[in-house]
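# Examining the three-dimensional arrangement
The residues making up each chain are set out below.
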Amino acid sequence: MTAAEDRLRSRGLRATRPRAVVLQVLDDAAATAEHLAVTQVVTRAHEALPAVSTQAVYDCLDALTRAGLARRIEPAGHPARYEARVGDNHHHLVCRECGRTVDVDCTVGPSPCLTPSDTAGFAVDEAEVVFWGRCPDCTTATAAPGPATTPRSTPRSTPDQ
């Protein structure tokens, strides 16, 4: 039995080959701090399991996310991305130009590291923060002479914290 299969079973999931492969794809991406779009997960899953369908990958990602083995992030204006780094309440930096997504540890204090001014009765257990800007490559590219670039998306407005 593989480590991926053990983790699937530990979360009450059947350890199917497609789930194990998709979880391994996310684990491999975590080793290089990648945040994968579904198309990237499908491509990499096909390398290990050519018969896996795109729909099966979607289903696996959904099951892994619900079981807490994967995290789905949805930066405004960009495709959803998946990662295997879960359970630590980290946040993300997203490039407005290319969509590059980078993990950033919690900004202040214990989980959740941000406390809303009013919880409206919610039992808050996580805060999701997206910091927007331009990655080093896009900053260098926009500093070079040439046509001005326009941000591809506008971040969600949030109160200053």
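So, on to the overall build of the protein chain. From N to C terminus, the protein chain includes five helices and six strands. The linear arrangement of helices and strands in the protein chain, starting from the amino end, is α-α-β-α-α-β-β-β-β-β-α. Long-range pairs, those at least 24 residues apart, make up 49% of the contacts in the protein chain between residues at least 6 apart in sequence.

Summarising the element assignment, glutamate 97 is placed in the loop between strand E4 (91–95) and strand E5 (101–104). In terms of polar contacts, glutamate 97 uses its side chain to reach the side chain of arginine 134, at 3.2 Å.

Backbone hydrogen bonds are what pair the strands of a sheet, in a parallel or an antiparallel way. Overall, mixed pairing links the three strands, which are arranged E5-E4-E6 in an open sheet. The open sheet has two edge strands, E5 and strand E6 (130–133), and neither has a second partner. Taken pair by pair, the neighbouring strands of this sheet meet at an average axis angle of 25°, ignoring direction. Inspection of the sheet shows E4 paired to E6 by four bridges, in the parallel sense. The partner of leucine 93 across the bridge, within E6, is phenylalanine 131.

Our focus in this paragraph is the nonpolar core. Membership of the largest hydrophobic core comes to 28 residues, with the highest contact counts inside it found for Leu8, Val22, Leu26, Val41, Val57, Leu61 and Leu64. Those elements that place two or more of their residues in this core are helix H1 (3–10), helix H2 (17–31), helix H3 (38–48) and helix H4 (54–66). By residue number, the principal contributor to this core is H2, which donates seven residues. Aside from chain neighbours lying at most four places away, what touches leucine 64 is Leu8, Leu13, Arg19, Val22, Leu23, Leu26, Leu69 and Ala70.

With that out of the way, let us pick up the packing of H2 against H4. The N-to-C vectors of H2 and H4 enclose an angle of 70°; their axes lie 9 Å apart at closest approach. In terms of orientation, H2 and H4 fall into the roughly perpendicular class. Of the residues in H4, those touching H2 at Pro18, Arg19, Val22, Leu23 and Leu26 are Val57, Cys60, Leu61, Ala63 and Leu64. Classifying every residue of the contact of H2 with H4 by side-chain character gives nine nonpolar, no polar and one charged.

A few words now on H4. Here H4 is 13 residues long and its end C-alpha atoms lie 19 Å apart, about the 18 Å a rise of 1.5 Å per residue gives. Burial in H4 covers these residues: Val57, Cys60, Leu61, Ala63 and Leu64. Seen end-on, H4 carries its buried residues on one side only, within an arc spanning 165°.

Attention now goes to the sheet that holds strand E1 (residues 36–37). In space, the three strands of this open sheet follow the order E1-E3-E2, with antiparallel pairing throughout. Only two strands of the sheet have a single partner each, and these edge strands are E1 and strand E2 (71–73). Pairing of E2 with strand E3 (residues 81–83) involves three bridges; the strand directions are antiparallel. Residue pairing in the sheet places isoleucine 73 in a bridge with arginine 81 of E3.

Rules used in this analysis
- Residues numbered from 1 in each chain as written.
- Predicted model: local features only at pLDDT ≥ 70, side-chain atom pairs only at ≥ 80, totals over all residues.
- Heavy atoms only, no water.
- Helix = DSSP H or I, 4+ residues; strand = E, 2+ residues; numbered from the N terminus.
- Contact = heavy atoms within 4.5 Å.
- Polar contact = N/O pair within 3.5 Å; in protein donor to acceptor, adjacent residues only side chain to side chain.
- Pairing = 2+ DSSP bridges.
- Axes fitted to C-alpha atoms, helices over the stretch in contact; angles between N-to-C directions.
- Core = buried A, V, L, I, M, F, W, Y, C linked by side-chain atoms within 4.5 Å.
- Buried < 20%, exposed > 50% of the residue type's maximum accessible area, 1.4 Å probe, protein only.
- Parallel < 35°, antiparallel > 145°, perpendicular 65-115°, else oblique.
- Nonpolar A, V, L, I, M, F, W, Y, C, P; charged D, E, K, R; others polar.
- Expected span 1.5 Å × (residues − 1).
- Arc of directions from axis to C-beta.

Note that every value here comes from positions in space, so none of it alone points to a role or purpose.
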